[in-house]
Amino acid sequence: MTRQLDTDGRLRHFLTTEGLPRNLLLQLLDTAESFAGVIGKSVKKVPLLRGRTVINLFFEASTRTRITFELAAKRLSADVLNVNVATTTVKGESLLDMLRNLEAMQADMFVVRHSESGTAEYVAQHVGESVSVLNAGDGWHAHPTQAMLDAFTIRRHKGGFEPLVIAIVGDVMHSRVARSQIHALGGLGAGEVRVIAPRTLLPRDIESLGVRVFHDMRLGLKDADVVIMLRLQRERMQGALLPSEPEYFRLYGLTEDKLAVAKPDAIVMHPGPINRGVEIDSRVADGARSVILEQVTNGIAVRMAVMSMALGARRETPPAPA
Ligand code: CP
């Protein structure tokens, strides 16, 4: 596996939250906190990545991740390019050849989303020394910046992680977000991480990740501080893993009634996009305890932190323009 950290222990690539040391996870959250202040100002830019080139390579659909990565890079004063993958791959060029050409244009960072697990890792293995690769979601494997913006949102509301009971509910099987959350929250010392799902939507090895497994939603939500709902990923399912969407909603959809067993100050999260009436009721998604849109806003600061840590701190300052 490609090393994410350089020989000094600093972030080089960001491919997964698995195995990252607590101090680096906390440094990332603290850096994001400083950028959150910048985002609130009338002039939202800092010159940290002036002269750097960030290339977004999204081979799979995205609204939140792609746009907040682009905003984050622009807030850091980088030059940002969004490659139209649909038109650039039509002539049959391989991914590797495309990368070599983009590197020849002096790219400093690739932000990669792909439906195949391992693509960001593959890209990181093949780029030159001076290029960083950020995983914006690969197959079922990992979505590390989503996990960190979720951790950031939790810390802002709850102040820390140690005493918390955090419940992750729904389609864990197909969720790169859930995997990355479990690794990040474990690394940050969360008190108890629970997963709540039907057996058909849980990976076999899930307990080896240190979580408590529940199949009954009311038991799993009892006294939870944080409730994270997952999107039902129909597009990744093969065969009948569910009886029907109405039945799924009856058993695992988050309603005010089910949320009542969590702590009174529990927050409700969802990485988006949400399927209203499938995994979450609109009254909860839009209700007072929902922080779903805050998560989106926090994505900008967290992605600024990841980009600046991977590029800004490690590289030499670019020369000032003549
Ligand atoms: N949470 C998330 O990854 O959303 P997008 O697919 O819109 O990027």
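Definitions and limits used
Residues numbered from 1 in each chain as written. Predicted model: local features only at pLDDT ≥ 70, side-chain atom pairs only at ≥ 80, totals over all residues. Heavy atoms only, no water. Helix = DSSP H or I, 4+ residues; strand = E, 2+ residues; numbered from the N terminus. Rg over C-alpha atoms; globule rule 2.2 N^0.38 Å. Buried < 20%, exposed > 50% of the residue type's maximum accessible area, 1.4 Å probe, protein only. Contact = heavy atoms within 4.5 Å. Pairing = 2+ DSSP bridges. Axes fitted to C-alpha atoms, helices over the stretch in contact; angles between N-to-C directions. Near = heavy atom within 4 Å. Polar contact = N/O pair within 3.5 Å; in protein donor to acceptor, adjacent residues only side chain to side chain. Areas by Shrake-Rupley, 256 points an atom, 1.4 Å probe, with all protein chains shown as cover. 1 Å grid on protein atoms, 1.4 Å probe; cavity = no way out; pocket = protein on both sides within 12 Å on 5 of 7 lines; lining within 4 Å. Sits in = over half its atoms within 2 Å of the grid points. Nonpolar A, V, L, I, M, F, W, Y, C, P; charged D, E, K, R; others polar. Parallel < 35°, antiparallel > 145°, perpendicular 65-115°, else oblique. Left-handed = near helix turned anticlockwise from the far one by under 90°. Domains from an automatic or database assignment. Buried area = accessible area lost by both parts, 1.4 Å probe. Salt bridge = Lys/Arg side-chain N within 4 Å of Asp/Glu carboxyl O. Expected span 1.5 Å × (residues − 1). Points joined across faces, edges and corners; volume = space filled by probe spheres on them.

A word on the overall build of the chain
Here is step 1 of the chain: Scanning the chain from terminus to terminus reveals 12 helices and 9 strands.
Here is step 2 of the chain: Taken against the 2.2 N^0.38 rule, which gives 20 Å for 322 residues, the C-alpha radius of gyration of the chain at 20 Å falls within 12% of a compact globule.
Here is step 3 of the chain: Overall, the chain is about 65 × 45 × 35 Å in size when its C-alpha atoms are taken along their principal axes.
Here is step 4 of the chain: Taking all 322 residues of the chain together, 56% fall into the buried category.
Here is step 5 of the chain: In the chain, 75% of the contacts between residues at least 6 apart in sequence involve partners at least 24 apart.

Details of the sheet that holds strand 9 (residues 267–269)
Here is step 1 of the chain: Sheet architecture is open: 5 strands sit in the order 7-6-5-8-9, paired in parallel fashion. Pairing within the sheet leaves two strands with one partner each, and these edge strands are strand 7 (212–214) and strand 9. Ignoring which end each strand starts from, the neighbouring axes of this sheet average 20° apart.
Here is step 2 of the chain: Sheet strands in contact with helix 7 (residues 176–187) are strand 5 (165–169), strand 6 (192–196) and strand 8 (226–229), and its direction is about 170° off that of strand 5.

Overview of the site of the ligand
Here is step 1 of the chain: As a structural note, the neighbourhood of the ligand is formed by Ser-62, Thr-63, Arg-64, Thr-65, Arg-113, His-143, Gln-146, Pro-271 and Gly-272.
Here is step 2 of the chain: One of the side-chain N or O atoms of Ser-62 is found 2.6 Å from an oxygen atom in the ligand.
Here is step 3 of the chain: At a separation of 3.3 Å, a nitrogen atom of the ligand approaches a polar backbone atom of Gly-272.
Here is step 4 of the chain: Protein contacts shield 91% of the accessible area of the ligand, which totals 260 Å² for the unbound molecule.
Here is step 5 of the chain: When each cavity is represented as a set of grid points, the ligand is found to reside in the largest pocket.
Here is step 6 of the chain: Of the residues that constitute the shell around the ligand, the class distribution is 1 nonpolar, 6 polar and 2 charged.

Some thoughts on the environment of Asp-223
Here is step 1 of the chain: For Asp-223, the location among the structural elements is in the loop between helix 8 (217–221) and strand 8.
Here is step 2 of the chain: A relative accessible area of 38% means that Asp-223 is categorised as partly exposed.
Here is step 3 of the chain: Residues Asp-223 and Ile-166, spaced 57 residues apart in sequence, show a C-alpha to C-alpha distance of 9.4 Å.
Here is step 4 of the chain: Once residues within four sequence positions are removed from consideration, Asp-223 is found in contact with Val-165, Val-261, Ala-262 and Lys-263.

Details of the packing of helix 6 (residues 144–158) against helix 7
Here is step 1 of the chain: Relative to each other, helix 6 and helix 7 sit at 55°, their axes nearing to 8 Å. Judged by the inter-axis angle, helix 6 sits oblique to helix 7. The element helix 6 and its partner helix 7 pack so that their crossing is right-handed. Residues Pro-144, Gln-146, Ala-147, Met-148, Asp-150 and Ile-154 of helix 6 pack against Val-177, Ser-180, Gln-181, Ala-184 and Leu-185 of helix 7.

Some words on the domain arrangement of the chain
Here is step 1 of the chain: When the domains of the chain are assigned, the result is domain 1 (22–142 + 297–310) and domain 2 (144–294).
Here is step 2 of the chain: In this structure, domain 1 and domain 2 have C-alpha centres spaced 26 Å apart.
Here is step 3 of the chain: Listed per partner, the contact involves 28 residues of domain 1 and 29 residues of domain 2.
Here is step 4 of the chain: For the domain 1 and domain 2 pair, buried surface summed over both sides reaches about 2400 Å², with 55% attributable to carbon and sulfur atoms.
Here is step 5 of the chain: Of all residues in domain 1, Leu-29, Trp-140 and Asn-298 bury the most surface against domain 2, accounting for 30% of the area lost on that side.
Here is step 6 of the chain: Viewed at the interface, domain 2 and domain 1 are joined by 3 salt bridges.

Structural notes on helix 2 (residues 64–75)
Helical geometry: 3.6 residues make up each α-helical turn, so side chains three or four residues apart lie on a common side.
Here is step 1 of the chain: Counted at 1.5 Å a residue, the expected span for helix 2 with its 12 residues is 16 Å, and the 16 Å between its end C-alpha atoms agrees.
Here is step 2 of the chain: If you check which residues of helix 2 are buried, you get Thr-65, Thr-68, Phe-69, Glu-70, Ala-72, Ala-73 and Arg-75.
Here is step 3 of the chain: Looking at the buried positions of helix 2, the neighbouring elements they touch are strand 1 (53–58), strand 2 (79–82), strand 3 (109–114), strand 4 (132–138), helix 6 and helix 12 (292–312).
Here is step 4 of the chain: Downstream of helix 2 by a residue or two, Ser-77 has a phi angle that is positive, lying close to 70°.

A look at empty space enclosed by the protein
Here is step 1 of the chain: Enumeration according to the criterion identifies 1 cavity of 30 Å³ or more in this entry.
Here is step 2 of the chain: Considering only enclosed or pocket space, the largest cavity measures out at about 60 Å³ in volume.
Here is step 3 of the chain: As for the largest cavity, its lining consists of Arg-64, Thr-65, Thr-68, Gln-146, Leu-149, His-270, Pro-271, Ile-292, Gln-295, Val-296 and Arg-303.
Here is step 4 of the chain: Secondary-structure elements contributing two or more residues to the lining of the largest cavity are helix 2, helix 6 and helix 12.

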